[in-house]
Each structure stands twice: as structure tokens, then as C-alpha cells.
Amino acid sequence: MYYNVRVKSYPDGTKQYMYSERMKEKGYKVEKKENTGQEVERKERDNMTRAVQKVYDLARSNVFDWFITMTFDPEKVDRYDYDACADAIKGFTHKLCLNGNQWIIVPEQHKDGAYHFHGLVSGDLDLTYHADGVYNLNDYGYGFTTATKIRDRARVSTYIAKYLTKLITVPKGRKRYWASRSLQRPSEDLVVMSSEEYGEIYNSARFQKVIDSSFGSFIMCEVGGEGATGLENSK
């Protein structure tokens, strides 16, 4: 099966169109190249791009109630050690699972190299009110936290995905995000469109973006839905 447009449909009615000027064959894989320094760097960029898109898809396809931020007390966790921080986050997601929550959690790295994490969580949480609409998580246990009620669900997918677009040094082979298994995902269709047909959709879209990857250049746009903006413009 050949196609040149990948269409993702989200529960809120948004459709994301990814257009390629060249026809693609379903299941096509890029030929493996020698692992030079430049090739390894390119693969890492592609992996990050895929991670950002997956986080965006999950956030766009589900309803979350809380935006949380988690830091690390240096007496409990070495906040400069990604593996140590990841182990702490894994422990916290186990608590979320037992509590019946759903979640997406992503890392952010300070300029000095220390890590903290942000997340979207659905369901009730064990919280203590702090001030100005900000709560603290009572059962995190690894450092300071904040939790705020999500007011604009249509924008939250973009907000959480942006953290993954920053310069984050994640050790090779490590997780780039944590997500509960029961989350919904967008449906996907592979279709053929002429440049004129896609142009009409593109011109009416509220968001457009050009993506360069090992698979070639793509033109992405989003239409319909609740009015959220797409991912950060980039090449």
C-alpha cells in the first residue's frame, strides 16, 4: 500500500495531516547506515522527535485533571543522576497506578544539569493546599512538588510536549517519558492526496509546521477540534 498523507484523528475532532511530496510504502524502513558520529546524532534527533509526537498524541487524546511538577531533595535523590531520578519517578508512578490514576510524565533539565519532572495526571490525588490555587503532593516523597488544576485542556498537550523539545541530555537507551498503558491514542489513516487537495486543507488549518527527518521532509497541519495550537515550529 502506498500513501503520501498520514491522518491522525483525535477524540476532540482535531485532525492532523502529515503530507509528503513523495509516495511512501506502508512498513517502509530507512536503510541502515554506518554508525558514524553524525549518524548517531541524527538518530538521537529522530528519536526525540518521535517521543515528542507520542507525548503530544497521548496528551491530545486523553482528559487530564492536574498539571504536576516534581523536584528532588539532594539528601534523598541525586538530581544530577538521570537514572536515580528515573527510579524515583518509576516509584511514584507505581503509587499512581495503585490509586487508579492515568499519567504522562516528562523530564526537564536545568542549565546546571539537574533534572526535575512535569506531568499530567487524571483522577483524584492526595494533596495539601499551598496557596493561589497551588497544591502539594502528599505521597511523592522525593522532594518538593506542585499540582495545579488544568483549566484549558485543549492547550495542555502542547505545553507538556514543549518540555521534550528543550536541550535535555537523556542517556542513550533511557526512557524519555512515562505514560500509563491504558491511555487512548489517536486513530490513524494512510491516504493519497494531490498537492491541490492537501493545499486546500493546509490553507484552512490553524497550525502548520515543516518537519525534516531521515524519512524526508513533511508538511504538517491541524484542523478542527477545540482550538489548541500544535507543537512548537521547528525544522
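So, how was this worked out
Residue numbers here run from 1 along each chain, matching the order of that chain's written sequence. Residue-level local features of this predicted model are given only where pLDDT is at least 70; pairs of side-chain atoms are given and counted only at 80 or more, and the full residue set underlies all totals for whole chains, interfaces and linings. The basis for every side-chain value is the complete set of heavy atoms in the structure, and neither hydrogens nor water enter the calculation. Every residue carries a pLDDT, the predictor's confidence in it, which falls somewhere between 0 and 100. By definition, any uninterrupted DSSP run of H or I lasting at least four residues is a helix, any uninterrupted run of E lasting at least two residues is a strand, and each is numbered from the N terminus. In what follows, a contact means two residues having at least one pair of non-hydrogen atoms within 4.5 Å. Expected span of a helix: the number of residues minus one, times 1.5 Å. Accessible area is worked out with a 1.4 Å probe on protein chains only. A residue is then buried under 20% of its type maximum, exposed over 50%, and partly exposed in between. In this description, one arc is meant: the one made by directions from the helix axis to the C-beta atoms. Among buried residues, those of type Ala, Val, Leu, Ile, Met, Phe, Trp, Tyr and Cys that are joined through side-chain atoms within 4.5 Å constitute a nonpolar core. Two rings belonging to Phe, Tyr or Trp (six-membered ring only in the last case) form a pair when the distance between their centres is within 6.5 Å. Interplanar angles under 30 degrees mark stacking, angles over 60 mark edge-to-face geometry, and anything in between is tilted. Grouping into patches uses exposed residues only, defined as over 30% relative accessible area, and leaves out salt-bridged ones; the cut-off is 9 Å for like charges and 5 Å for nonpolar side chains (Val, Leu, Ile, Met, Phe, Trp, Tyr). In short, Shrake-Rupley with a 1.4 Å probe defines the accessible areas, and a residue's cover is counted only from the protein chains shown. The rule for a salt bridge is simple: a side-chain nitrogen of Lys or Arg has to be within 4 Å of a carboxyl oxygen of Asp or Glu.

Peer 1: So, the confidence of the model for the protein: which residues are in play, and what are the values?
Peer 2: When pLDDT is averaged across the protein, the result is 85; 84% of the residues are at 70 or more. When pLDDT is averaged over each helix and strand of the protein, the minimum, 73, is found for helix H3 (residues 153–162) and the maximum, 98, for strand E7 (residues 134–137). In the predicted structure, residues 227–235 sits below a pLDDT of 50 and forms 28 contacts with residues beyond four places in sequence or in another chain.

Peer 1: Lay out helix H2 (residues 82–98) with the relevant residues and their values.
Peer 2: An ideal rise of 1.5 Å per residue puts 24 Å on 17 residues; H2 measures up with 24 Å between its terminal C-alpha atoms. Buried residues of H2: Tyr82, Cys85, Ala86, Ala88, Ile89, Phe92, Thr93 and Leu96, and no others. All buried residues of H2 fall inside an arc of 160° around its axis, so they share one side. Exposed residues lying more than 90 degrees from the buried face of H2 are Asp87, Lys90 and Leu98. Contacts made by the buried residues of H2 are with strand E3 (66–70), strand E4 (102–109), strand E5 (115–122), E7 and strand E9 (178–179). Where H2 ends, the next residue or the one after it, glycine 100, has phi of about 85°, a positive value.

Peer 1: Before we move on, can you summarise the nonpolar core with the specific residues and values?
Peer 2: In this structure, Ile68, Met70, Ile105 and Phe117 are the most contacted members of the largest nonpolar core, which totals 23 residues. At the level of elements, E3, H2, E4 and E5 are the ones that each hand at least two residues to this core. By residue number, the principal contributor to this core is H2, which donates 7 residues. In this structure isoleucine 105 touches Met70, Ile89, Phe92, Thr93, Leu96, Phe117, His118, Gly119, Tyr177 and Trp178, once residues within four positions along its chain are discounted.

Peer 1: Go over the packing of aromatic side chains, please, and point to the residues and values.
Peer 2: Applying the stated criterion to the full structure yields 12 aromatic pairs. When the centroid spacing of 4.9 Å and the interplanar angle of 70° are considered together, the rings of tyrosine 82 and tyrosine 115 count as edge-to-face. Remark: tyrosine 115 occurs in strand E5 and tyrosine 82 occurs in helix H2; sequence separation between them is 33 residues. Of the two residues, tyrosine 82 and tyrosine 115, neither departs from the other in class, the shared state being buried. With centroids separated by 5.2 Å and ring planes inclined at 80°, the aromatic side chains of tyrosine 140 and tyrosine 142 adopt a geometry described as edge-to-face. Residue tyrosine 140 is classed as buried on the basis of its relative accessible area, which comes to 1%. Each member of the aromatic cluster is reached from another via a ring pair, and the members are Phe72, Tyr82, Phe92, Tyr115, Phe117, Tyr140, Tyr142 and Trp178.

Peer 1: Mind laying out a nonpolar patch on the surface, listing which residues take part and the relevant values?
Peer 2: A surface patch of nonpolar side chains, amounting to about 320 Å² of accessible area, comprises Tyr2, Met23 and Val192. Relative to the helices and strands, valine 192 is located in the loop between strand E10 (187–191) and helix H4 (195–204).

Peer 1: Can you break down H4 residue by residue, with the values?
Peer 2: Considered for burial, the residues of H4 that qualify are Tyr198, Gly199 and Ile201. End-on view of H4: buried residues confined to an arc of 165°, all on one side of the axis. Seen from the buried face of H4, the exposed residues on the opposite side, beyond 90 degrees, are Glu196, Glu200, Asn203 and Ser204.

Peer 1: Quick rundown of the environment of threonine 146? Include the residues and the values.
Peer 2: Looking at the element boundaries, threonine 146 is found in strand E8 (residues 145–149). Overall, threonine 146 belongs to the partly exposed group, its relative accessible area being 22%. Counting along the chain gives 80 residues from threonine 146 to tryptophan 66, while the straight-line C-alpha distance between them is 9.8 Å.

Peer 1: A description of the pattern of salt bridges should follow, citing residues and the corresponding values.
Peer 2: For the structure on display, the rule yields 4 salt bridges. Arginine 60 is paired through a salt bridge with aspartate 12; the nearest N and O atoms lie 2.6 Å apart. Placement of arginine 60 in helix H1 (residues 37–61) and of aspartate 12 in the loop between strand E1 (2–9) and strand E2 (15–25) is noted, with a sequence separation of 48 residues between them. Classification of arginine 60 by relative accessible area gives buried; the value is 6%. Close ionic contact of arginine 174 with aspartate 83 constitutes a salt bridge, the shortest N to O distance being 2.7 Å.

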